[in-house]
Amino acid sequence: MSKNKYLVEIPVGPQHPALHEPISLRLKVEGERVVQVDVVAGYNHRGVEWLAERKTFYQDLFLVARTCGICNAVHGASYVQAVEDLAGIEVPPRARYLRALVMELERIHSHILVLAVMAEVIGFESLFMLMMRDRERVMYLKELVTGNRVHADYMFIGGVRRDLPSEKIDKIKKNIDYIEERMKEYKKIWSEDPIILKRTQEVGVASKSQALAHSLVGPVARGSNVKSDIRYIDPYDAYDEIPFNVITRDEGDSWARMMVRIDEVFESISIIRYILEHLPSGPIIPWKNIKLAPRKFPKGEGIGRVEAPRGELLYHVFSDGSMKPYRVKIRTPSVLNIHNGVFMMLDQHIADIPVIFVSFDPCISCTERVTVIDLKTNEKKLIPWRKLVKEKPLG
Amino acid sequence: MEEARKREAAGVNNALSLPKLLGKTLRNLFKKPSTVMAPPREIKPAEGYRGIHRVNYDKCISCSLCAIECPALAIKMVTIPETKKRYPEIDYGKCIFCYRCVEVCPVNAYEVSIEKPAPETKPVIVKETPLEWYKSKKSQQTSSTQQSPQK
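Since the structure is predicted, the reported quantities are computational estimates derived from the model, not experimental observations.

Remarks on the overall build of chain B
(1) Moving on: Along chain B, the regular secondary structure elements total five helices and four strands.
(2) Moving on: Burial statistics for chain B: of 151 residues in total, 16% are counted as buried.
(3) Moving on: Partitioning the intrachain contacts of chain B with sequence separation of at least 6 by distance along the chain shows that 64% fall at a separation of at least 24.

Right, dumping it as structure tokens:
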């Protein structure tokens, strides 16, 4: 960079028409070219991990699901996996299949949502409206299976909270057929429409070696031909018995990431069909009644990891033998993808920044949970929200 | 990238070619809207929806397990001064409708419905409180005892 050129800083967010969630990107631009990007997070901090230490294991079931609104069932599944690992509880086969069913429904609606949001960011509002309309069918199915269209609260330590009656299976099959038919049409649009191709192809390219070096996860990594899928690498629940393919593409651009998501929707639909046909009979929890679940868990620690719609999600639960967990550590995929994926935005035009950012499928509420960093003293420490408010009152 | 180049050669990836969704968008102009009006036509929830739930105080044994387990701290145990018994009162504004209380109740005193919680624009539905329940029960008892000797 020569000395006679100016660098202009453009703040994108936290409230910005192109980004739908509260995160701030400080772009340093030279003309139209982005030279440096600083990610400023922290606008959505709620202290979930701190709160999880002050509630019982069963209350945490509902708290961790509220870390993220879109992938709440996978958060619950990961947490119960960690607690089961800690207590050595065996999950009945029917519950393992039902968990996989709900997580796949969630993957479908999450992928359709980000595809719709991407269409809106590109400026293709009619596609956004149509995709959101068809997403409602998936939300209905989730409501039918779990009892609520957004917050499933379906997972329970040792199994699931409610059974799937056989009359609901036909309804699911009927709606899944409709969604598959619609998604075929959308795949055609996404792979042929000139507006989408011009805006997303060869924008924000990450090669395989770059994706590995920056430890990207989920569809972002799979778009760069990295075969990273926890369902495949480290099968949990019923995924060791269900046949499925890991979708990868080798282009590595924003378009490839979106196409990976479209193909994963078809893969999820085939997984759901397999589950509904091969659903084993039997109990859904290891105890006679859900009321007989143990109140306390032994001393120790457990790990649960699942493939969330956005990538690898990890829970680490410590117990000191009481009713409350000693520590609940959450590592979400969006933390890695947002902060480490910034290198893709360099040397791009300003207009392409929202497209690249949305192609990561950023989930801000997942990103901001616990660490408060004191910038003045450069110390990283955990400060509870109430204490923070007491020490530094607003105004 | 190869696919893109092939398409470029075939003339598909041309900005001047017709948008694929245009026909569908025009056809949708003459169709009924997919959305529904919010207040007059409410969408019926699916079977098994976690809706408004209430306590059957006649069944309740005052164990306060629901108040202990509630993740949102929405259940408060209210003491009735005359009998010194404690009954749960649900704050529907705080309630997250997880149905943990329905699950843990040892005598299944909670009655469930698929009725949707009121939207924010309406006042929060407050079902029968323990004190109201006790008053109505007492008045019923007294009226029945008054009526029976006359017969």
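Here's the deal with the sheet that holds strand S3 (residues 33-40) of chain A
Residue and element names in this part refer to chain A.
(1) Moving on: Taken together, the three strands give an open sheet; going across it, the order is S1-S2-S3, and neighbouring strands pair in antiparallel fashion. Among the strands making up the open sheet, the edge pair consists of strand S1 (8-12) and S3. With strand direction ignored, the average angle separating the axes of adjacent strands in the sheet is 25°.
(2) Moving on: Summarising the sheet, strand S2 (residues 24-30) and S3 pair through seven bridges and their orientation is antiparallel. The residue bridging Arg-26 from the neighbouring strand is Asp-38, located in S3.

Observations concerning the confidence of the model for chain A
(1) Moving on: Averaged over all residues, the pLDDT of chain A equals 85, while 91% of them reach at least 70.
(2) Moving on: For chain A, per-element mean pLDDT is lowest for strand S9 (residues 372-374) of chain A, which scores 49, and highest for helix H11 (residues 254-277) of chain A, which scores 93.

Some details on helix H5 (residues 125-146) of chain A
All names here are of chain A.
(1) Moving on: For H5, with 22 residues, the first-to-last C-alpha span of 31 Å sits near the 32 Å given by 1.5 Å per residue.
(2) Moving on: Among the residues making up H5, those that are buried are Leu-127, Leu-130, Met-131, Arg-135, Val-138, Leu-141, Lys-142, Leu-144, Val-145 and Thr-146.
(3) Moving on: Each element contacted by the buried residues of H5 is listed here: helix H4 (93-122) and helix H6 (166-192).
(4) Moving on: A positive phi of about 110° marks Gly-147, the residue just after H5.

Here we look at the environment of Ala-95 of chain A
All names here are of chain A.
(1) Moving on: Position of Ala-95 among the secondary structure elements: in helix H4.
(2) Moving on: Classification of Ala-95 by C-beta neighbours within 10 Å gives buried; the count is 25.
(3) Moving on: Measuring from C-alpha to C-alpha, the distance between Ala-95 and Ala-65 comes to 18 Å, with 30 residues separating the pair along the chain.
(4) Moving on: Contacts of Ala-95, omitting those with residues within four sequence positions, involve Gly-159, Val-160, Ile-284 and Ile-285.

Notes on the sheet that holds strand S7 (residues 311-319) of chain A
Residues and elements named next belong to chain A.
(1) Moving on: Spatially, three strands are ordered S6-S7-S8 in an open sheet, and the strand pairing comes out antiparallel. Two strands in the sheet have a free side with no partner beyond their single neighbour: strand S6 (300-308) and strand S8 (325-331). Neighbouring strand axes in the sheet, compared pairwise and without regard to direction, differ in orientation by 15° on average.
(2) Moving on: Where S6 meets S7, nine bridges bridge the pair, whose relative direction is antiparallel. From the neighbouring strand, Gly-300 faces S7, where its bridge partner is Ser-319.
(3) Moving on: Here helix H3 (residues 72-87) sits on the sheet and contacts S6 and S7; the angle it forms with S6, its principal contact strand, is near 150°.

Some details on the nonpolar core
All names here are of chain A.
(1) Moving on: Core analysis: the biggest nonpolar cluster contains 127 residues, and Val-83, Leu-101 and Val-102 have the highest contact counts within it.
(2) Moving on: With 17 residues, H4 is the largest single contributor of residues to this core.
(3) Moving on: If we ignore the near neighbours within four places in the chain, the residues touching Leu-101 are Val-145, Ile-272 and Ile-275.

Points about the interface of chain A and chain B
(1) Moving on: With 25 residues of chain A at the interface, the matching set in chain B holds 26 residues.
(2) Moving on: Of all the secondary structure elements, the ones that give two or more residues to the side of chain A that touches chain B are helix H2 (57-65), H5, H6 and helix H7 (194-200) of chain A.
(3) Moving on: The element that contributes the greatest number of residues to the side of chain A that touches chain B is H5 of chain A, accounting for six residues.
(4) Moving on: Residue composition of the side of chain A that touches chain B, grouped by class: eleven nonpolar, five polar and nine charged.

Section: the confidence of the model for chain B
(1) Moving on: This prediction gives chain B a mean pLDDT of 78; 73% of its residues lie at or above 70.
(2) Moving on: The ipTM value of the predicted complex is 0.79, and its pTM value is 0.86.

Topic: the pairing of strand S3 (residues 85-90) of chain B
Residues and elements named next belong to chain B.
(1) Moving on: Bridge count between strand S2 (residues 75-80) and S3: six bridges; the pairing is antiparallel. Looking at S3, one finds that Thr-79 is bridged to Arg-86.
(2) Moving on: In textbook terms, the turn of a hairpin is the stretch between consecutive antiparallel strands, and for S2 and S3 this stretch comprises four residues, one of which, Lys-84, has a positive phi near 60°.

Description of the packing of H4 of chain A against H11 of chain A
Each pair of packed helices gets described by two things: the angle between the helix axes and the distance between those axes.
Residues and elements named next belong to chain A.
(1) Moving on: Viewed as axis vectors pointing N to C, H4 and H11 meet at an angle of 155°, and their least axial separation amounts to 9 Å. By the angle class used here, H4 and H11 are roughly antiparallel. You can see that H4 and H11 cross each other, and the crossing is left-handed. Packed against H4, whose contacting residues are Tyr-97, Ala-100, Leu-101, Glu-104, Arg-107, Ile-108, His-111, Ile-112, Val-114, Leu-115 and Met-118, the element H11 presents Met-258, Arg-261, Ile-262, Glu-264, Val-265, Ser-268, Ile-271, Ile-272 and Ile-275 at the interface.
(2) Moving on: Among the residues making up the contact of H4 with H11, the classes are represented as 14 nonpolar, two polar and four charged.

Rules used throughout
Residues numbered from 1 in each chain as written. Chains lettered and ligands numbered in written order. Predicted model: local features only at pLDDT ≥ 70, side-chain atom pairs only at ≥ 80, totals over all residues. Helix = DSSP H or I, 4+ residues; strand = E, 2+ residues; numbered from the N terminus. Buried ≥ 20, exposed ≤ 12 C-beta atoms within 10 Å, placed from the backbone. Contact = placed C-beta atoms within 7 Å. Pairing = 2+ DSSP bridges. Axes fitted to C-alpha atoms, helices over the stretch in contact; angles between N-to-C directions. pLDDT = per-residue confidence, 0-100. Expected span 1.5 Å × (residues − 1). Core = buried A, V, L, I, M, F, W, Y, C linked by C-beta atoms within 7 Å. Nonpolar A, V, L, I, M, F, W, Y, C, P; charged D, E, K, R; others polar. Parallel < 35°, antiparallel > 145°, perpendicular 65-115°, else oblique. Left-handed = near helix turned anticlockwise from the far one by under 90°.

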